[in-house]
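# Geometric and topological summary
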Amino acid sequence: SVGVAAAAPEAGPGPAWQSKCPWGAPSTTSISCSLADVMSEQLAKELQLEEENAAFPEVVAVAEGPFITGENIDTSSDLMLAQMLQMEFDREYDAQLRREEKKINGDSKVSISFENYRKVHPYDSDSSEDEVDWQDTRHDPYRADKPTTTPRRGFIGKGKDITTKHDEVVCGRKNTARMENFAPEFQVGDGIGMDLKLSNQVFNALKQHAYSEERRSARLHEKKEHSTAEKAVDPKTRLLLYKMVNSGMLETITGCISTGKESVVFHAYGGKSPTEDKVIPPECAIKVFKTTLNEFKNRDKYIKDDYRFKDRFSKLNPRKIIRMWAEKEMHNLTRMQNAGIPCPQVVILKKHVLVMSFIGQDQVPAPKLKDVTLSSEDMKKAYYQILNMMQQLYKECNLVHADLSEYNMLWHDGKVWLIDVSQSVEPTHPHGLEFLFRDCRNVSQFFQKGGVAEALNERELFNAVSGLNITADNEVDFQAEIEALEKMNEDHVQNHGKKLSTFSSDGDPPIYDE
């Protein structure tokens, strides 16, 4: 039976499935190899290389690039294989980030970027460290391309898809691109990157505002160059100071010692006098009047009604007003010096720069009366000295200080010195008596707080200084009578054309203006 079964398949042709037995042994025979071949290292390397080529086909391409074709690079080392594998992982990671960016941004005007998270391998670049960095050469994802201009024919497209140069979207993008031509100080932002579309009305308004801001900044810069700032001088003032030093009148200018609403005061050492009749003190104070009126705008009322400067007053020219202000202080100091009132001695006046003697010693200015601590005896002595100086100033100098307070009185060598008389006016000034009453109030309040029992109140001090006998029970009536006297004097001036003090006391001779 076995022989029949074995010969049966050879009986004749039949179906293919009948020629094979499913329970039979396989017909293929395995190739026999020796144990030495199995343990061969060359066979192991060939098998490993075949597996690497099948798993990482692109790594071989990278290995053939310029990076690993050097003569001293061993491609069989584990370090090189790890670096190549890391580069491939980095590239796959970057590609995944780009797909995420595109998915998240879509068509949105505001886009995000994962640029900072990308793994750009340093081995991709052949450039040296001195050349441009890779970030400067790659595409900037935040900066969109500028809108393309329309061709010369004025439209793009055909049929229903035609777009002219007057299209709202096209014009809006062009206006956004034009904003880059504004001044650098005008911050416009990244409108192109956001695909911002500005209408013509908005763009014209922004352009006008940018031009106005540019002109305004130019004016501010020019104003800063031509005006005296705090603790500084403009070029013209600096030139005046240089000329004084070069001429030998001043030895050197040490620095700023005081600043105020109207001027800056510098300390300087005196030099040689150009003339023999004038003696320059060893230490000088240089008072530079500020050439801007923004800090002391009400100074015109002290000048325009003063008969000495009324015809020369011009509100339209600040520099002329400042020069008149400096000239006014020089004349007032000269009057006070001739009357023997302790005050700075005038050395010279150059435009708006007034050089005076320095009240102090060794670059240290004398303290103001508000900053010094005096004994009760010295305080009483200072009060009577100021009372005497106010009477001298009113009757002998024919002046009212108009800003007398403890801030404008210095204590030096055991006596009081008066400074800052640029705003001083004559008693016949339309507001002269008002200024005098204000000075009396400041002096009376200061010394009453200082503990001087003999200090008079403001009404009594006003009558003592002016010689008038105004008997009013309260301050309101007292000021009303003062205004009535000023009105009477003003009417007299308008009717007779000359200034005669109609409110002088009976015991003193009438005060005439020079």
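Every value quoted in this text rests on a predicted model; they were computed, and no experiment measured them. (Residues numbered from 1 in each chain as written. Predicted model: local features only at pLDDT ≥ 70, side-chain atom pairs only at ≥ 80, totals over all residues. Heavy atoms only, no water.)

## A short note on a positive patch on the surface
The grouping of K236, K243, K278, K320, R323, K350 and K351 at the surface amounts to a positive patch. Secondary-structure elements contributing two or more residues to the positive patch are α9 (235-246) and α11 (318-338). (Patch = residues over 30% accessible without salt bridge, like charges linked within 9 Å, V, L, I, M, F, W, Y side chains within 5 Å. Areas by Shrake-Rupley, 256 points an atom, 1.4 Å probe, with all protein chains shown as cover. Salt bridge = Lys/Arg side-chain N within 4 Å of Asp/Glu carboxyl O. Lys, Arg positive; Asp, Glu negative; His and termini not counted. Charge placed at Lys NZ, Arg CZ, Asp CG, Glu CD. Helix = DSSP H or I, 4+ residues; strand = E, 2+ residues; numbered from the N terminus.)

## Examining the packing of helix α12 (residues 376-395) against helix α14 (residues 458-466)
Two elements in contact, α12 and α14, have axes whose closest approach is 8 Å; the angle formed by their N-to-C orientations is 50 degrees. As far as their axial angle goes, α14 and α12 are oblique. Only L461, A464, V465 and S466 of α14 make contact with α12, whose side of the interface consists of Y383, L387, M390, Q391, Y394 and K395. Its residues assigned to classes, the contact of α12 with α14 shows 7 nonpolar, 2 polar and 1 charged. (Axes fitted to C-alpha atoms, helices over the stretch in contact; angles between N-to-C directions. Parallel < 35°, antiparallel > 145°, perpendicular 65-115°, else oblique. Contact = heavy atoms within 4.5 Å. Nonpolar A, V, L, I, M, F, W, Y, C, P; charged D, E, K, R; others polar.)

## Topic: the state of the cysteines
Tallying each qualifying case throughout the model produces 0 disulfides. Free cysteine C343: the closest other cysteine sulfur is in C397, separated by 8.2 Å. Residue classification places C343 among the buried residues on the basis of a relative accessible area of 8%. Note on C397: relative accessible area 3%, which makes it buried. (Disulfide = S-S within 2.5 Å. Buried < 20%, exposed > 50% of the residue type's maximum accessible area, 1.4 Å probe, protein only.)

## A closer look at the packing of aromatic side chains
Each aromatic ring pair is summarised here by two numbers: the centre-to-centre distance and the angle between the ring planes. All chains considered together, the criterion is met by 8 aromatic pairs. A ring pair is formed by F114 and Y117, whose centres lie 6.4 Å apart and whose planes are at 70 degrees; its orientation type is edge-to-face. On the accessibility criterion, Y117 (54% relative accessible area) is exposed. Relative to F447, the ring of F446 lies with its centre 5.1 Å away and its plane at 80 degrees, an arrangement referred to as edge-to-face. As far as burial versus exposure is concerned, F446 and F447 are alike and both buried. Each member of the aromatic cluster is reached from another via a ring pair, and the members are Y383, Y384, F446 and F447. When the ring centre of F203 is taken as reference, the NZ or CZ atom of R178 above it lies at 6.0 Å. (Phe/Tyr/Trp six-rings, centres within 6.5 Å; stacked < 30°, edge-to-face > 60°. Lys NZ or Arg CZ within 6 Å of the ring centre and 35° of its normal.)

## Structural notes on the sheet that holds strand β6 (residues 346-350)
Strand pairs in the sheet, formed through backbone hydrogen bonds, run parallel or antiparallel to each other. Pairing in this open sheet of 5 strands is antiparallel, and the strands run β3-β4-β5-β7-β6 from one edge to the other. Since the sheet does not close on itself, it has two edges, and those belong to β3 (250-259) and β6, each with one partner. Ignoring which end each strand starts from, the neighbouring axes of this sheet average 25 degrees apart. Sheet topology places strand β5 (residues 283-289) next to strand β7 (residues 353-357); 5 bridges connect them, and they run antiparallel. Across the sheet, residue A285 finds its bridge partner in β7, namely M356. (Pairing = 2+ DSSP bridges.)

## Describing the pairing of β6
Note: β6 against β7, 4 bridges, orientation antiparallel. In the strand pairing of β7, K350 is matched with V353. Here β6 hands over to β7 after 2 residues, with K351 in that stretch at a positive phi of 55 degrees.

## Observations regarding the confidence of the model for the protein
Caution applies to low-pLDDT parts of the model: their predicted coordinates are not meant to be read in detail. When pLDDT is averaged along the protein, the result is 77, and 69% of the positions lie at 70 or above. Across residues 1-11, where pLDDT falls below 50, the model places 0 contacts with residues more than four positions away in sequence or in other chains. (pLDDT = per-residue confidence, 0-100.)

## Observations regarding the pattern of salt bridges
Applying the stated criterion across every chain, the model contains 8 salt bridges. Salt-bridge contacts for E262 lead to K287; the nearest nitrogen and oxygen are separated by 3.6 Å. Of this pair, E262 sits in the loop between β3 and β4 (263-270) while K287 sits in strand β5, placing them 25 residues apart in sequence.

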